[in-house]
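Structural description and commentary
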Amino acid sequence: MKKRKWFLLSLVCALVLALAACGGSGSDTKEGGKKGEKEKVDTSLLKNEAKNDGDTIKGGTLKVALQTSSPFQGIFSWELYEDTYDSEILKFATNNLFETKEDFLISDTGLGKLTVDEKAKKATVTIKKDVKWSDGKPLTIDDVIYPYYIIADKDYTGVRYDTDLQNIVGAVEYHKGKAKDISGIKKVDDYTMEISFKKISPAIYSGGDGLWGYAAPKHQLKDIPVKDLVKSDAVRTNPVTLGAFKFDKIVKGESVQLVANENYWKGKPKLDKVVIEVVPPTSIAAALKAGKYDVALPYYPSNDYDSIKDLNNIDVLGRPELAYSYLGFKLGKFDTKEKVNVTNENAKMNNVKLRQAVAYAMNIEEVGEVYYGGLRTRANSLIPPVFATYYDDSLTGYKYDPEKAKKLLDEAGYKDTNKDGLREDPNGKKFTIQLAAMAGSDKDEKIVQFYLQNWKKVGLDVQLTTGRTIEFNSFYDKVQADDKDIDMYMAAWGTGTNPSPMGIYSKEASYSYTRFVSDDLTSMLNDIDSEASLDPAHRAEAFAKWQNYMSEQASVIPMYFRTELIPINKRVKNWSIDYLKDTIDNLQNVEITADEPVKSSK
């Protein structure tokens, strides 16, 4: 099972270039955009598997490019990591318990088997016997139970003590120091545990409701105080793992070398090593062409597809991404003591017509055509279409309509009282919106600058927080800390295989960076993950109701649905991104057919 991950969308700056790319004269019309429009990509023709019939060599090293302009944080713990780059590294040494089948439901093919008693509100997790950690120690059910105690600990420093975890009976009491144990978690024997929940919903079959999908090596971690785990050698330099590969050498923030785990429960990998190196997005196309890397992760920038589409040394794989990009509005703060989101009624952006106007002013359709060529399309919902049962295709969303944006702003009292072309607030005072966006490629910067111009044309003065784009890790810090200089921000959310929005939009969700809370929202989220929603028709209706509500409230504006691109060098064998046979779950089968990655002759 692939737990949810989150990652933030790189977008930002460069006015003159943006106007040239999106219309020359600065026009937002389709005629202007057509001049620089990409040839549309037929995503149905993208392969999901790299096929290679060449003879394999024995062992060898897989070379992986980690595409980021910043150092990775190096938090190698599923309970503690916070960004997609650490998670991409962790996947090669994963402690994953569950695998998934059709509709992203937990299967019985992984380390763990899940049995649910819906009536009793209980689940039983049974693990395989005779499995060893990378250091040779046996895996037991204690290692499956221990992560719950890490996350529920009163000194836990991560972000996963949320509504889901609190659904386990006794977790809240343990977290508050009122109990010595989590009463709802019981060890049956060395390979079996039982979990009691306050409620059972369909989410449990996708890893929700509080079920945790990873083991943690208790024998390595138990003597380290939970508050110190994130800085410990056990997390930073020598993590013990269950995956196909184990950590060998780590150069902080720059590279990781992993070697084959001879104790891997699916069999020793055919590769000897995996080397993962940070590569700036601006350099990745040239590096792939030169044959420096076999795989580029987490995904290749779709607005740079033209740079690699004709290379004859790679296969470009593609699939619908379990994610969406969005624009979020800062509407409150996270109460770190009570661990809940609190909406501020006096927040600058706490006017629904203002937020809707911001959305209508964005020419997302043109950006999709000019920069992405169909690899990203305007999103109408906060549920990706890949979740066909729950995605509401009837939602219109916020199509580009600057006249409607102007009307909404007028109705909300934001008017240009001094005739300088920019609107003042309802009190007649200067009104500036601060936008946070991460430093990215030149094309990303052009895109955001184009949006700044969109907003200016309806009279909104939108400026970049700090006056420039923000480095990746600093961006995380500022958004998460509810920096006072951020009014709205551009980001993305990876749903993982569980479409439930509870983890990002609930009152207790620390990932809910908008801090938007309402009784109606809480009720709708609870309904989606309720016992009544064990009826598929009821859950689909609950999802539809929530999607419409979120569209109306516009606390979050969905921007793009995305096609995920993964370039694979042609010496690599047995690599698939099919959700039903994802290579990340079967890394032991990956092989190579040459000593070094193939170079392109084009």
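Here's a quick rundown of the structure. (Residues numbered from 1 in each chain as written. Predicted model: local features only at pLDDT ≥ 70, side-chain atom pairs only at ≥ 80, totals over all residues. Heavy atoms only, no water.)

Overview of the overall build of the chain
Of regular secondary structure, the chain possesses 16 helices and 22 strands. Taking 25 Å as the expected radius of gyration for a compact globule of 602 residues, we find that the chain reaches 24 Å, a close match to that expectation. Once the C-alpha set of the chain is aligned to its principal axes, its extents read approximately 75 × 65 × 45 Å. Counting over 602 residues, the chain shows a buried share of 60%. Across the chain, the fraction of contacts at a sequence separation of at least 24, relative to all contacts at a separation of at least 6, is 74%. For the chain, the exposed surface amounts to about 23,900 Å²; the carbon and sulfur share of it is 47%. Positive and negative side-chain charges of the chain, numbering 84 and 89 respectively, have mean locations separated by a distance of 2 Å. (Helix = DSSP H or I, 4+ residues; strand = E, 2+ residues; numbered from the N terminus. Rg over C-alpha atoms; globule rule 2.2 N^0.38 Å. Buried < 20%, exposed > 50% of the residue type's maximum accessible area, 1.4 Å probe, protein only. Contact = heavy atoms within 4.5 Å. Areas by Shrake-Rupley, 256 points an atom, 1.4 Å probe, with all protein chains shown as cover. Lys, Arg positive; Asp, Glu negative; His and termini not counted. Charge placed at Lys NZ, Arg CZ, Asp CG, Glu CD.)

Looking at the packing of aromatic side chains
The relative placement of two aromatic rings is captured by the distance of their centres and the angle of their planes. With the rule as written, the count across this model stands at 21 aromatic pairs. Measuring from centroid to centroid gives 5.0 Å for Tyr149 and Tyr174, while their planes differ by 80°, and the two rings are edge-to-face. Taken as a pair, Tyr149 in helix H4 (residues 141-152) and Tyr174 in helix H5 (residues 171-175) lie far apart in primary sequence, 25 residues in all. Given a relative accessible area of 16%, Tyr149 falls into the buried group. Aromatic ring contacts, followed pair by pair, group Trp78, Tyr81, Trp212 and Tyr214 into a single cluster. Taking NZ or CZ as reference, Arg539 lies 5.3 Å from the ring centre of Tyr390, over its face. (Phe/Tyr/Trp six-rings, centres within 6.5 Å; stacked < 30°, edge-to-face > 60°. Lys NZ or Arg CZ within 6 Å of the ring centre and 35° of its normal.)

Digging into the pattern of salt bridges
Counted according to the given criterion, the structure contains 30 salt bridges. Among the salt bridges present, the one from Glu99 reaches Lys266, with a minimum N-O distance of 2.6 Å. Pair noted here: Glu99 is in the loop between helix H3 (84-90) and strand S4 (112-117) and Lys266 is in the loop between strand S9 (255-260) and strand S10 (273-279), with a separation of 167 residues, a long-range link. Judged by relative accessible area, Lys266 falls into the partly exposed class, the value being 23%. The shortest N-O distance in the salt bridge between Asp485 and Lys484 comes to 3.5 Å. For Asp485, a relative accessible area of 38% puts it in the partly exposed group. With a relative accessible area of 69%, Lys484 lands in the exposed category. Taken together, the salt bridges that share partners define one network made up of Asp142, Lys187 and Asp190. (Salt bridge = Lys/Arg side-chain N within 4 Å of Asp/Glu carboxyl O.)

Overview of the packing of helix H10 (residues 364-372) against helix H12 (residues 442-457)
It is at 11 Å that the axes of H10 and H12 come closest, and there the two elements cross at 160°. In terms of their interaxial angle, H10 and H12 are classed as roughly antiparallel. Every pair of crossing elements has a handedness; the one defined by H10 and H12 is right-handed. Contacts from Ile364, Glu366, Val367, Tyr371 and Tyr372 of H10 reach H12 at Lys443, Asp444, Lys446, Ile447, Phe450 and Tyr451. (Axes fitted to C-alpha atoms, helices over the stretch in contact; angles between N-to-C directions. Parallel < 35°, antiparallel > 145°, perpendicular 65-115°, else oblique. Left-handed = near helix turned anticlockwise from the far one by under 90°.)

Side note on the layout of surface pockets
Volume-wise, the largest pocket comes out at about 520 Å³. Taken together, 23 residues make up the lining of the largest pocket; nearest its centre are Asp103, Phe104, Leu105, Thr389 and Tyr390. Mapped by element, the contributors of at least two residues to the lining of the largest pocket are strand S12 (314-329) and helix H16 (536-553). Looking at side-chain class alone, the lining of the largest pocket contains 14 nonpolar, five polar and four charged residues. Of the volumes computed, that of the second largest pocket is approximately 310 Å³. Lining of the second largest pocket is provided by 16 residues; of these, Gly158, Val159, Phe334, Thr336 and Ser510 occupy positions nearest its centre. (1 Å grid on protein atoms, 1.4 Å probe; cavity = no way out; pocket = protein on both sides within 12 Å on 5 of 7 lines; lining within 4 Å. Points joined across faces, edges and corners; volume = space filled by probe spheres on them. Nonpolar A, V, L, I, M, F, W, Y, C, P; charged D, E, K, R; others polar.)

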